[in-house]
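Single-letter residue listing:
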Amino acid sequence: MSYHIRRIAICTGGGDAPGLNAVIRAAVIAAANRGWECYGIHDGFNGILFPERYPDGGVFRLTREKVRGIGHLGGTILGTTNKGNPLHFPMKMQDGTTRDMDLSGEILEYFARKELDALISIGGDGSLTIANALHQRGLRVVGVPKTIDNDLDKTYTTFGFDSAVAFATECLDRLHSTAESHQRVMVVEVMGRYAGWIALHAGISGGAHAILIPEIPFDIDKIANKIHARDGEGRMYSLVVVAEGAEPIHGHREILAPAEIGHAERLGGVGERVAKVLGDRTGKDVRVVVLGHLLRGGSPTSFDRLAAMRFGSAAVRALDEGQSGIMVALGFPNVNYVALAEVAGRMKAVPPDSDTLQTGRDLGICFGD
Ligand code: F6P
């Protein structure tokens, strides 16, 4: 079937995650080995929609030379954006208003004009929803699941997640000694949007004493009681991991900036809030560490690197087999394929019966409930 494909394009969308470059490298080499040409689109679809912004015209040839030595590097050589949703593009009008425009037609027209046969779209929920829409409008598309948040359904994990958890765990390891030396409470805020995967996995691995996740609304008194109980046992310090999307039972989620056309709301600030109340309730010295974008940087772990390379090569194999409208997913023992329609717009939260959650409870970690 490979004679159907001669040229493919690759794009990376949404927040970056360690492993993007490993996917790009694997896909380009696997495609080149089939005699296909690869093209990279800058910054999501901006390279196609706004070619005038780029000295190379917005889309450039991805040769083997271009992907040499990038597999271990963080970020993406293509650039990315989480503001460029072409299905809901915030277009400034002459009268000063902003209109929600669907620019997908321009992307389809570009693929037809440049005789590009297929797209590999590497991204999270937003990018895969766009990929699904483009597939429904006639484009041959394969998606690759990326996000540090691990909140994509139908795949065991996304690449980027393991790297984020590894870094957050290392940070917790480092915080134990300073927290203990000063008999302090350290509150560590981590990303993850509306899912608590990073907080849960890093919190347990890093020996946190309380973990607050969006899936379990928290009662701050329960955490204060846990800290008192530890003090009573002579363990005068505590580590509290808070997911950015965690919210109190009687309260609200902390938002840094509201949603705009084509851009989701920005979460953040719950760490400061939890720290303030815990300080008041316990009388202890409390400090806050917000890991934020540090979780997205740096080299991918070997797990993420390998997953990314397996995804990139599987995406090319899928196109070679004539598949479209699917996402490469991590199953056991092999990668598999699921319909984009089954993934788009769905979020994978930590399930209440998760054995990882149960492990935390068995270890005596407080979840604020
Ligand atoms: O989805 C990845 C992620 O890092 C989230 O965990 C976080 O809420 C968001 O992106 C931050 O986005 P931005 O890069 O716009 O600050």
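What counts and what doesn't
Residues numbered from 1 in each chain as written. Predicted model: local features only at pLDDT ≥ 70, side-chain atom pairs only at ≥ 80, totals over all residues. Heavy atoms only, no water. Buried < 20%, exposed > 50% of the residue type's maximum accessible area, 1.4 Å probe, protein only. Helix = DSSP H or I, 4+ residues; strand = E, 2+ residues; numbered from the N terminus. Pairing = 2+ DSSP bridges. Phe/Tyr/Trp six-rings, centres within 6.5 Å; stacked < 30°, edge-to-face > 60°. Lys NZ or Arg CZ within 6 Å of the ring centre and 35° of its normal. Axes fitted to C-alpha atoms, helices over the stretch in contact; angles between N-to-C directions. Contact = heavy atoms within 4.5 Å.

**Quick word on the pairing of strand S8 (residues 185-190)**
Stage number 1. Taking burial as the measure, the six residues of S8 include six buried ones, the bulk of the element.
Stage number 2. By the alternation rule, side chains of S8 split into Val185, Val187 and Glu189 and Met186, Val188 and Val190, which are all buried.
Stage number 3. Bridge count between S8 and strand S10 (residues 238-243): six bridges; the pairing is parallel. Bridging across to S10, Glu189 finds its partner in Val242.

**Side note on the packing of aromatic side chains**
Stage number 1. The final tally for this structure, using the stated rule, is three aromatic pairs.
Stage number 2. Relative to Phe89, the ring of Phe50 lies with its centre 5.3 Å away and its plane at 45 degrees, an arrangement referred to as tilted. With Phe50 in the loop between helix H2 (46-49) and strand S3 (59-61) and Phe89 in strand S4 (residues 89-92), the pair connects residues that are 39 residues apart, well separated along the chain. The burial state of Phe50 is the same as that of Phe89; both residues are buried.
Stage number 3. In this arrangement the basic side chain of Arg61 is found over the ring face of Tyr39, its NZ or CZ atom lying 6.0 Å from the centre.

**Focus on the sheet that holds strand S6 (residues 118-123)**
Stage number 1. Within the open sheet, the seven strands sit side by side as S3-S2-S1-S6-S7-S14-S15. Their pairing is mixed. Edge positions in the open sheet fall to S3 and strand S15 (335-339), since each of these has one partner strand only. Averaged over all adjacent pairs, the angle separating strand axes in this sheet is 25 degrees, with direction ignored.
Stage number 2. Relative to strand S14 (residues 326-330), strand S7 (residues 141-145) is paired through two bridges, and the arrangement is parallel. From the neighbouring strand, Val142 faces S14, where its bridge partner is Ile326.
Stage number 3. Packing of helix H9 (residues 302-320) onto the sheet brings it into contact with strand S1 (7-12), S6, S7, S14 and S15, and relative to S14 it is tilted by some 145 degrees.

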